Amino acid sequence: MKKFLIKISYTVLPVWSIIVGLVLYISIYATPRMTGDIGKLALIPFGHSYNATLEKNIIKDTLFSTIKHKEELASINVKILTIGDSFSQQKNKGYQNYISQKGISIANCYCNLYSNPLQYAYNLLEENIFDSTNVKIIVIESVERNFETNIMTFERGKIEPPKENKTKAPNKWSISRARDFILYRLGYENPIYHANLDAGYFESDNPDKLYFYKDDIDFGTGIKKKNEAKVQYVYNTLRQKAYEKGIKLFFLIAVDKYDLYQKHIINNEFPRKTVNEDIKRIIGDNSDIIFSKYNLLPLIEKQEKDIFLYNDTHWSYKASKIIADVICKKIEQSAGN
């Protein structure tokens, strides 16, 4: 027994001590400092100072309403209704807040009501949930990396089920998180890619470092040729359905973080992304499509900092302001026609 205990003391116990120490480090030090969805996904303790600096410039209150139950849509009375993914769910930091600040009534559909914003928007119009008497304009937003999937899963008459909420509060006292921490540091299974930029584009400790979601690339870097006809079909179908209800429809394509900064990655070995260019080529440069990439890219070229968030896959309040201005200008132009 004594020999067995001695053997454990210099074999198993050191390994166990390392594991326990790593779990303690992640749980006590790292987890509270994992800010932004990138920090939480990749287990990076970015800290709180970056977010705190930006928060000083953000509207404190959420000025627009959020629709969390489909039944609420029958009684709304707003100029603009937005239906989108996580880029439309940024609350006081979102583009809707800056539109509302201009005195325009606006409501947003909570994204857990659906999986595909294009499908959900069509279904609401088809079911006569509302018309131009209580909603004047619909903005359908889709992030670039999910655009083709949203197009290809769209079907007239298809029931759009609510999104399954699979997000769970992470167990910070977890050996599996310690395992992930080690694997990510060794370059395995990490959901986040990183690269070096040619200048400082963030007010952070590493201003020339780009962290971005791997799905920005892994979900495809361009629209497949075989899917181009479906892109045109879905676009025309949604426009026609909105027209029948007397509602003006705008499509907002939220640019991926990688796409916006890809030209400024040093020795970029990732593939070139062309989704926005492909959509523009397939559908045309129509006034009802808002390509956020082309609205934000000029600021990147001027090395404007924090257009996207350093520690997150989403754009910042600066981009939200710009997109809000673009939408409002589009509305003014459409009213004049």
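Structure's up top.
So, a few notes on the structure that sits alongside this text. The numbering scheme is per chain: residues are counted from 1 as the chain's sequence reads. Whole-chain, interface and lining totals are the exception, using all residues; otherwise, since this is a predicted model, local features are given only for residues with pLDDT of at least 70 and side-chain atom pairs are given and counted only at 80 or more. Side-chain calculation: all heavy atoms of the structure are included, whereas hydrogens and water are not.

1. So, the overall build of the protein
So, step 1. Counting its secondary structure elements, the protein contains 14 helices and eight strands.
So, step 2. For the C-alpha atoms alone, the extent of the protein along its principal axes is close to 85 × 45 × 45 Å.
So, step 3. Taking all 337 residues of the protein together, the buried fraction comes to 51%.
So, step 4. When contacts within the protein are restricted to residue pairs at least 6 apart in sequence, those whose partners lie at least 24 apart make up 76%.
So, step 5. By element, 53% of the accessible surface of the protein is carried by carbon and sulfur atoms, the whole surface being about 16900 Å². In this description a helix means any DSSP run of H or I spanning at least four residues, a strand means any run of E spanning at least two, and both kinds are numbered starting from the N terminus. Each residue's exposure class comes from its accessible area (1.4 Å probe, protein chains only) as a fraction of the maximum for that residue type: buried when under 20%, exposed when over 50%, partly exposed otherwise. In what follows, residue pairs with any heavy atoms lying within 4.5 Å of each other are defined as contacts. Residue-level accessible areas treat just the shown protein chains as cover; the underlying method is Shrake-Rupley with a 1.4 Å probe.

2. Some remarks on the environment of Arg-33
So, step 1. Within the element layout of this structure, Arg-33 appears in the loop between α2 (12–30) and α3 (36–42).
So, step 2. A relative accessible area of 31% means that Arg-33 is categorised as partly exposed.
So, step 3. For Arg-33 and Ile-223, which are 190 residues apart along the polypeptide, the C-alpha to C-alpha distance reads 38 Å.
So, step 4. In contact with Arg-33, other than residues within four places in its own chain, are Ile-28, Ile-44, Pro-45, Phe-46, Gly-47 and His-48.

3. Looking at the packing of helix α10 (residues 228–244) against helix α12 (residues 275–283)
Packed helix pairs are specified by the crossing angle of their axes together with the interaxial distance, meaning the distance between the axes.
So, step 1. Angular values range over 0 to 180 degrees, each being the angle between N-to-C directions of two axes fitted as lines to C-alpha atoms, with helices fitted over their stretch in contact. Contact pair α10 / α12: the axes reach a minimum separation of 10 Å and the direction vectors enclose 70 degrees. Compared by their axis directions, α10 and α12 come out roughly perpendicular. Handedness of the α10/α12 crossing: right-handed. The residues of α12 that touch α10, namely those facing Glu-228, Val-231, Gln-232 and Tyr-235, are Arg-281, Ile-282 and Ile-283. Geometric relationships in this document are graded by angle, where less than 35 degrees denotes roughly parallel, more than 145 denotes roughly antiparallel, 65 to 115 denotes roughly perpendicular, and other angles denote oblique. By definition, any crossing whose near helix is turned counterclockwise from its far helix by less than a right angle is left-handed, and any crossing with a clockwise turn is right-handed.

4. As for the packing of aromatic side chains
So, step 1. For Phe, Tyr and Trp, rings pair up if their centres lie within 6.5 Å, where Trp contributes its six-membered ring, and each pair is then called stacked (planes under 30 degrees apart), edge-to-face (over 60) or tilted (otherwise). As enumerated under the stated definition, the model contains 20 aromatic pairs in all.
So, step 2. Here Phe-202 and Tyr-310 contribute two aromatic rings whose centre-to-centre distance is 5.6 Å and whose plane-to-plane angle is 55 degrees, an arrangement assigned as tilted. In this pair, Phe-202 is assigned in the loop between β5 (192–196) and β6 (209–213) and Tyr-310 in the loop between α13 (292–301) and α14 (317–336), connecting sequence segments 108 residues apart. Per residue, the accessibility class of Phe-202 equals that of Tyr-310, and both read buried.
So, step 3. Each ring, one from Tyr-261 and one from Phe-308, has its centre 6.4 Å from the other, and the planes form 85 degrees; the classification is edge-to-face. Here Tyr-261 is found in helix α11 (residues 257–261), whereas its partner Phe-308 is found in the loop between α13 and α14, with 47 residues between them in sequence. The same class applies to Tyr-261 as to Phe-308, namely buried.
So, step 4. An aromatic cluster is defined as three or more aromatic residues linked by ring pairs; in this entry it consists of Phe-46, Tyr-50, Phe-87, Tyr-201, Phe-202, Tyr-211, Tyr-261, Phe-308, Tyr-310 and Trp-315.
So, step 5. Whether a charge lies above a ring is judged from NZ of Lys or CZ of Arg, which has to be within 6 Å of the ring centre and within 35 degrees of the ring normal. Positioned over the ring face of Phe-250 is Lys-248, at 5.4 Å from the centre of the ring.
So, step 6. Sitting over the ring of Tyr-294, Lys-280 keeps its end group 4.7 Å from the ring centre.

5. Here's the deal with the nonpolar core
So, step 1. Residues belong to a common nonpolar core when they are buried Ala, Val, Leu, Ile, Met, Phe, Trp, Tyr or Cys residues joined through side-chain atoms within 4.5 Å. Counting 55 residues, the largest nonpolar core has Tyr-95, Ile-99, Leu-260, Tyr-261, Leu-296 and Trp-315 as its most contacted members.
So, step 2. Here the element with the most residues in this core is α14; it accounts for nine residues.
So, step 3. Those residues in contact with Tyr-95 that sit more than four places away from it in its chain are Thr-82, Phe-87, Ser-88, Val-139, Glu-141, Leu-252, Trp-315, Ser-320, Ile-323, Ala-324 and Ile-327.
So, step 4. Among the nonpolar cores identified, the runner-up in size contains 40 residues, and Ala-107, Ile-151, Leu-249 and Phe-251 belong to it.

6. Concerning the pairing of strand β4 (residues 135–143)
Within a regular strand, the side chains alternate between the two sheet faces.
So, step 1. Burial analysis of β4 places eight of its nine residues in the buried class, the great majority of the element.
So, step 2. When DSSP locates at least two bridges between a pair of strands, those strands are taken to pair. Two elements, strand β2 (residues 78–83) and β4, share five bridges in a ladder whose sense is parallel. Within β4, the position partnered with Ile-80 by the bridge is Ile-137.
So, step 3. Direction of pairing for β4 relative to strand β7 (residues 248–254): parallel, over a ladder of seven bridges. Bridging across to β7, Ile-137 finds its partner in Lys-248.

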